[in-house]
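Structural characterization, general
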Amino acid sequence: MANALSRMTRLSDRTRFQAGDALELPFAASSFDVVWTIQMQMNILDKRRLYSGIARVLRPGGLFVCQEICAGNGEPIELPVPWASRPNQSHLADAESLRGLIRGASLLERTWRDITADIVAARKAQQAKAQASGASGSSAPPPLGMHLVLGEQAAVKTSNSGRNTEAGRTVFIQGVFDKPV
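These notes cover the structure that comes with them. (Residues numbered from 1 in each chain as written. Predicted model: local features only at pLDDT ≥ 70, side-chain atom pairs only at ≥ 80, totals over all residues. Heavy atoms only, no water.)

1. Remarks on the packing of aromatic side chains
Scanning the entire structure with this criterion turns up four aromatic pairs. A ring pair is formed by F27 and F32, whose centres lie 4.9 Å apart and whose planes are at 90°; its orientation type is edge-to-face. The exposure class assigned to F27 is partly exposed, which follows from its relative accessible area of 25%. Every member of this aromatic cluster is reached through a ring pair, and the members are Y51, F64, W112 and F177. (Phe/Tyr/Trp six-rings, centres within 6.5 Å; stacked < 30°, edge-to-face > 60°. Buried < 20%, exposed > 50% of the residue type's maximum accessible area, 1.4 Å probe, protein only.)

Here's what the structure looks like:
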């Protein structure tokens, strides 16, 4: 699908994709200036191994940049959510534990911030815009979107995710870390 999207957007001459295991990164040590993850740690049980691998493939002076969904107030999340349909599929860490695991991989923190309020505000603005334009829940989904990945339960997964965040059960963080020279 990534290659098809690259062709559709006329970016295929500038993109390359390689499938791999996040716990067994198929790259030599010091291969990248930047490693960037977006909302994926909740899918990985062995986070220590994940961040150790990320540190391994970063060049000295390289950056690790992340945006992650983390466990919030300790209350159980409502399921299904985009990353899990059952409890044994969700491996959320709380923000401070995650921060400690990344630091434990010998990466030096440059920035760490909670962006939950921004995410909630953006979601509410998107909902208000949809209501103002007369969009209803029964309208057909767009040709491209997360519903293609999430499947039949896309609407309930998205709704539960929003409720979890609004109730404080999940939080969103962003971090930037340096690999020492």
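2. So, the side chain of N160
If you trace the backbone, N160 turns up in helix α6 (residues 154-166). The buried category is assigned to N160, whose relative accessible area is 3%. Sequence-distant contacts of N160, defined by excluding residues within four places in its chain, comprise E78, L79, P80 and V81. (Helix = DSSP H or I, 4+ residues; strand = E, 2+ residues; numbered from the N terminus. Contact = heavy atoms within 4.5 Å.)

3. Structural notes on the layout of surface pockets
By volume, the second largest pocket is sized at about 840 Å³. Around the second largest pocket, the lining comprises 20 residues; the ones closest to its centre are Q18, L25, F27, V35 and W36. Where the lining of the second largest pocket is concerned, the elements lending two or more residues are β1 (32-38) and α2 (47-57). Top element by residues in the lining of the second largest pocket is β1. It accounts for six residues. (1 Å grid on protein atoms, 1.4 Å probe; cavity = no way out; pocket = protein on both sides within 12 Å on 5 of 7 lines; lining within 4 Å. Points joined across faces, edges and corners; volume = space filled by probe spheres on them.)

4. Thoughts on the pairing of strand β2 (residues 58-71)
With six bridges connecting them, β1 and β2 associate as parallel partners. Within the sheet, the bridge partner assigned to F32 lies in β2 and is L58. In this fold, β1 hands off to α2, which returns the chain to β2; that crossover is right-handed. Note that β2 and strand β4 (residues 170-178) share nine bridges and pair antiparallel. Considered in β4, the bridge of E68 is made with I173. (Pairing = 2+ DSSP bridges. Right-handed = clockwise from strand over helix to strand, strands pointing away.)

5. A closer look at the nonpolar core
Y51, F64, L98 and I102 are the most contacted members of the largest nonpolar core, which totals 23 residues. Secondary structure elements with two or more residues in this core: α2, β2, α3 (95-104) and β4. The element that contributes the greatest number of residues to this core is α2, accounting for five residues. Apart from residues no more than four positions distant in its own chain, Y51 is found in contact with Q41, F64, L98, L101, I102 and A105. (Core = buried A, V, L, I, M, F, W, Y, C linked by side-chain atoms within 4.5 Å.)

6. Points about unusual backbone geometry
For the bond from L79 to P80, the omega torsion is 0°, close enough to zero to count as cis. Locating P80 in the fold gives a position in the loop between β2 and α3. Positioned with a positive phi, S30 is a non-glycine residue whose angle comes to about 60°. Inspection of the secondary structure puts S30 in the loop between α1 (2-8) and β1. By relative accessible area, which is 32% here, S30 ends up partly exposed. One non-glycine residue, Q39, adopts positive backbone phi at about 45°.

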